[in-house]
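The residues making up each chain are set out below.
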Amino acid sequence: MIFRPARFLAAAALFAPLLAFGQKNGCIDCHSQLDGDLKAPVAAFEADIHREFGLSCRDCHGGNPDTDDIALAKDKSFKGAPAKAKIPLFCGGCHADPAAMRTYNPALRTDQLSQYETSRHGKLLKAGDTKVAVCTDCHGVHGILSARMPKSTTFPWNIPQTCGRCHADKGLMEGYRIPTDQLDEYMASVHAKALFEKKDLSAPVCNDCHGNHGAFPPAVSSVASVCRQCHAAAGELFGKSLHKKAFDDMGVGECDACHGNHKILPPSTAMIGTADGAVCIQCHDEGSRGFKMAADLRRTLDGFTSGYSEVEGLLSLARRKGVEVGDAEFSLQDVHTTLVSAENLTHGLDEAEIAKTVAEGEKALLGVRTAALGAVKEGRFRRQGLAVTTAILALFAVALALKVRRMGRTRRDEAGPGVPGPPSS
Ligand code: HEC
Ligand code: HEC
Ligand code: HEC
Ligand code: HEC
Ligand code: HEC
Ligand code: HEC
Ligand code: HEC
Ligand code: HEC
Ligand code: HEC
């Protein structure tokens, strides 16, 4: 057999952590024989990312792992388990040390501790409040996984629970002046639907809007940039609108004023206008220009939408009659795109531009409508044709039946009276 050093090294690298684990480790040997909280870390640590990188108990806790003797194991270097308030510095001992971390993974950021210290969590901890989140509240203690692993507490679809464990706990949050509804509200949002139902990992969870380590509520000025990261088109239009300066002056969050923050629902034209449920009337009183435009805009969009629905109905009728309407349906899709962009243009409040887009859409819609009416007519004609054919066929069948009957009778007549009839009962 040829010795392939590259393969041997690859295999060795793969099994190195196993070998390391197989080696004698007094901490693990002894702790695996203890009970409860003293034993639990051993099993949990088997899947831990630190173990995967060849680290062990000693790297975090200190002590001497080469002995079975408890007194020798807990030597001067032994740090024990840190108190909650000390955990950020305990983890930061490595994670905030670029030189140490570079030897393991040069690409891993080393700003978690400094970021954490700027957060509301970090500031309150420094002031002596130990109810806030420290590193291990979000990452776990033994059994820490990379955020890329779906089982990790920091993987997108686990984050709402990781944060909600505290933020939705009324008892824990008592005494703070913030609500405890963020988790419930978030779970009812379009974002949670996209994440959990469509498995769309690009939908935001708590940390996408609040940051991982510098967790703070996005201040009014930064809400826009948070939403705009993913909704650039709406953001750009809003930025050019008269609302931009008006909202800044009022200190109102530019997207959440109309959409909310946690419970963002699928938007619809019902948000526009002057009826109950429209967002515009929160700020625009009757008689103002904003009020008038809200009403006009709603009328314009409703006109377009109802025309669109009518054509959609005609096409589906024709399709049910067996007429091929693929081309017309394709053109209707283009009209739909125009409808969506007209709706999106409401962010810019530019009446002329909205009117222009709606006019273009309605013109295209007219073309599709003509085609749809033609298709429905063709369907009706085909049905009439079918009815005539069916009638002729029916007549023919009746004639045939009569003929057959007459022939039968004739044959019996020809056979004469000698043939016995059916036995009478
Ligand atoms: C990444 C760092 C890290 C590694 C590696 C690590 N620990 Fe810990 N350990 C901690 C921290 C932090 C705490 C304190 C947790 C707390 O109080 O919330 C702790 C707590 C403990 C406790 C006290 C548990 C309790 O609830 O009282 C024991 C026992 C323990 N670790 C044993 C081990 C053993 C055995 C290993 C090796 C298998 C190990 N640890 C590896 C960070 C680590
Ligand atoms: C011979 C058994 C034995 C060995 C070896 C041993 N431990 Fe322990 N360890 C214990 C017992 C028993 C306790 C609980 C009583 C105590 O706190 O001393 C404990 C407690 C701990 C605690 C939590 C309490 C504290 O002091 O904060 C940690 C963390 C810990 N051990 C880590 C280690 C590490 C790391 C090693 C290896 C360097 C190690 N142990 C080796 C038996 C052992
Ligand atoms: C002895 C140094 C050391 C200590 C102490 C330490 N870590 Fe680590 N940590 C590492 C190394 C090395 C890695 C692996 C680098 C990587 O994941 O690319 C790592 C990886 C991680 C990762 C995964 C990063 C990724 O790849 O996504 C997390 C999360 C993490 N550590 C959290 C903690 C927490 C929380 C604590 C404190 C309880 C802690 N670490 C204590 C050295 C340390
Ligand atoms: C409020 C929750 C929270 C706290 C507190 C927290 N983290 Fe994180 N951390 C996260 C989340 C969420 C991610 C995942 C980010 C992502 O999606 O990539 C993360 C990622 C990481 C990573 C991977 C690399 C990176 O920066 O993306 C490391 C390492 C890490 N955290 C270490 C720490 C350390 C050390 C502390 C304490 C000083 C800490 N974390 C405190 C939530 C937290
Ligand atoms: C261990 C419990 C705990 C966990 C886990 C936790 N938090 Fe917190 N958080 C708190 C407490 C307590 C406060 C302080 C409340 C206050 O600000 O008055 C707080 C404050 C905040 C604030 C500031 C609120 C304000 O307006 O003052 C934000 C934002 C926040 N957390 C977001 C998060 C996010 C995002 C996560 C998950 C990645 C998370 N938290 C995980 C306990 C926790
Ligand atoms: C789409 C972005 C987004 C997501 C996702 C999100 N938040 Fe928020 N959050 C905000 C905005 C915007 C505010 C309000 C900021 C302001 O008014 O200054 C806020 C405010 C908060 C506050 C302050 C108290 C309050 O309710 O006003 C906390 C705490 C908070 N969020 C926690 C969470 C938690 C926990 C999650 C996940 C379950 C989460 N957020 C998900 C955008 C988001
Ligand atoms: C990390 C990216 C990201 C961030 C940040 C984000 N969103 Fe979203 N948003 C999405 C994704 C993905 C969807 C789902 C799209 C779909 O499935 O149709 C979505 C859907 C929406 C929808 C529904 C769109 C529709 O056509 O039904 C609205 C409204 C919305 N987000 C508003 C906001 C607001 C307001 C903010 C800021 C508070 C925000 N988003 C922050 C990614 C993001
Ligand atoms: C003045 C109220 C208002 C403000 C402010 C506002 N929106 Fe909207 N938004 C709406 C309305 C109304 C609709 C639905 C239009 C329709 O369906 O007819 C909508 C629809 C949307 C949609 C879905 C349609 C699309 O464009 O894909 C997204 C995403 C969206 N908004 C994001 C944002 C973002 C991001 C911001 C902040 C930059 C923002 N909105 C600010 C009222 C507002
Ligand atoms: C959070 C409050 C708020 C909401 C919600 C809101 N507006 Fe406004 N709007 C303002 C303010 C403030 C101004 C600038 C002062 C003014 O002209 O009334 C303004 C200005 C306008 C203008 C320009 C008026 C002019 O003088 O040229 C129009 C048009 C307008 N809004 C339409 C709407 C429509 C349509 C909606 C609903 C989709 C809406 N607004 C929702 C606060 C709001």
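Nothing here was measured: the structure is a model prediction, and the numbers come from that model. (Residues numbered from 1 in each chain as written. Chains lettered and ligands numbered in written order. Predicted model: local features only at pLDDT ≥ 70, side-chain atom pairs only at ≥ 80, totals over all residues. Heavy atoms only, no water.)

Asker: Is there a simple way to think about a nonpolar patch on the surface in this case?
Answerer: Residues Phe-396, Leu-400 and Val-404 make up a contiguous nonpolar surface patch of roughly 320 Å² in combined accessible area. In this structure, Leu-400 sits in helix H23 (residues 351-415). Residue Leu-400 is classed as partly exposed on the basis of its relative accessible area of 48%. (Patch = residues over 30% accessible without salt bridge, like charges linked within 9 Å, V, L, I, M, F, W, Y side chains within 5 Å. Areas by Shrake-Rupley, 256 points an atom, 1.4 Å probe, with all protein chains shown as cover. Salt bridge = Lys/Arg side-chain N within 4 Å of Asp/Glu carboxyl O. Helix = DSSP H or I, 4+ residues; strand = E, 2+ residues; numbered from the N terminus. Buried < 20%, exposed > 50% of the residue type's maximum accessible area, 1.4 Å probe, protein only.)

Asker: Hey, could you run me through helix H18 (residues 232-240) in this one?
Answerer: Three- or four-residue spacings in an α-helix give side chains the same orientation, since the helix completes a turn every 3.6 residues. Listing the buried residues of H18 in full gives Ala-234, Gly-235, Leu-237 and Phe-238. Burial along H18 is one-sided: seen end-on, the buried residues are contained in an arc of 165°. Exposed residues lying more than 90 degrees from the buried face of H18 are Glu-236 and Lys-240. Against helix H17 (220-228), helix H19 (242-250) and helix H22 (326-345) lie the buried residues of H18. (Arc of directions from axis to C-beta. Contact = heavy atoms within 4.5 Å.)

Asker: Is there a simple way to think about the domain arrangement of the protein in this case?
Answerer: Many authors give the size of an interface as the accessible area that is lost as the parts come together. When cut into domains, the protein gives domain 1 (12-216), domain 2 (218-265) and domain 3 (289-381). In this structure, domain 1 and domain 2 have C-alpha centres spaced 33 Å apart. Between domain 1 and domain 2, the contact holds 11 residues from the first and 7 residues from the second. Where domain 1 abuts domain 2, roughly 920 Å² becomes buried across the two surfaces, and 63% of that area is made up of carbon and sulfur atoms. (Domains from an automatic or database assignment. Buried area = accessible area lost by both parts, 1.4 Å probe.)

Asker: For this particular structure, what's the right way to read the coordination of the iron atom of ligand 6?
Answerer: In an ideal octahedron of six donors the angles at the metal are 90 or 180 degrees, and in an ideal tetrahedron of four donors they are 109.5 degrees. His-210 (NE2) and His-262 (NE2) make up the full set of protein donors to the iron atom of ligand 6, lying at 2.0 Å. With 6 donor atoms in place around the iron atom of ligand 6 and angles of 87 to 180° between them, the coordination shape is octahedral. Separated by 52 residues along the polypeptide, His-210 in helix H16 (residues 206-210) and His-262 in the loop between helix H20 (256-259) and helix H21 (289-320) bring together distant segments of the chain. (Donors = N, O, S within 2.8 Å, 3.2 Å for Na, K, Ca; no water. Tetrahedral: all angles 85-135°; square planar, octahedral: opposite > 155°, others 65-115°.)

Asker: What is the right way to read the coordination of the iron atom of ligand 3 from this model?
Answerer: With distances of 1.9 to 2.0 Å, the protein atoms coordinating the iron atom of ligand 3 are His-50 (NE2) and His-95 (NE2). Of the residues examined, His-95 reaches a relative accessible area of 25% and is grouped as partly exposed.

Asker: What is the right way to look at the site of ligand 8 in this model?
Answerer: Around ligand 8 sit 19 residues, and of these Cys-255, Cys-258, His-259, Asn-344 and His-347 come closest. In the model, a nitrogen atom of ligand 8 is placed 2.8 Å from a nitrogen or oxygen of the His-259 side chain. When residues of the shell around ligand 8 are traced back to their parent elements, those giving at least two are H18, H19, H20 and H22. Sorting elements by how many residues they give to the shell around ligand 8 places H18 first, with 3 residues. Residues belonging to the shell around ligand 8 are distributed by class as follows: 9 nonpolar, 8 polar and 2 charged. The residues that make up the shell around ligand 8 include at least three from each of domain 2 (218-265) and domain 3 (289-381). (Near = heavy atom within 4 Å. Polar contact = N/O pair within 3.5 Å; in protein donor to acceptor, adjacent residues only side chain to side chain. Nonpolar A, V, L, I, M, F, W, Y, C, P; charged D, E, K, R; others polar.)

Asker: Before we go on, may I ask you to explain the site of ligand 3 in this structure?
Answerer: Contacts to ligand 3 come from 21 residues, most closely from His-50, Cys-91, Cys-94, His-95 and Asn-105. In this structure, a nitrogen atom belonging to ligand 3 sits 2.7 Å away from a side-chain N or O atom of His-95. Taken together, the elements giving at least two residues each to the shell around ligand 3 come down to helix H4 (49-52), helix H5 (57-61), helix H7 (87-95) and helix H11 (135-139). Taken together, the residues that form the shell around ligand 3 break down as 13 nonpolar, 6 polar and 2 charged.

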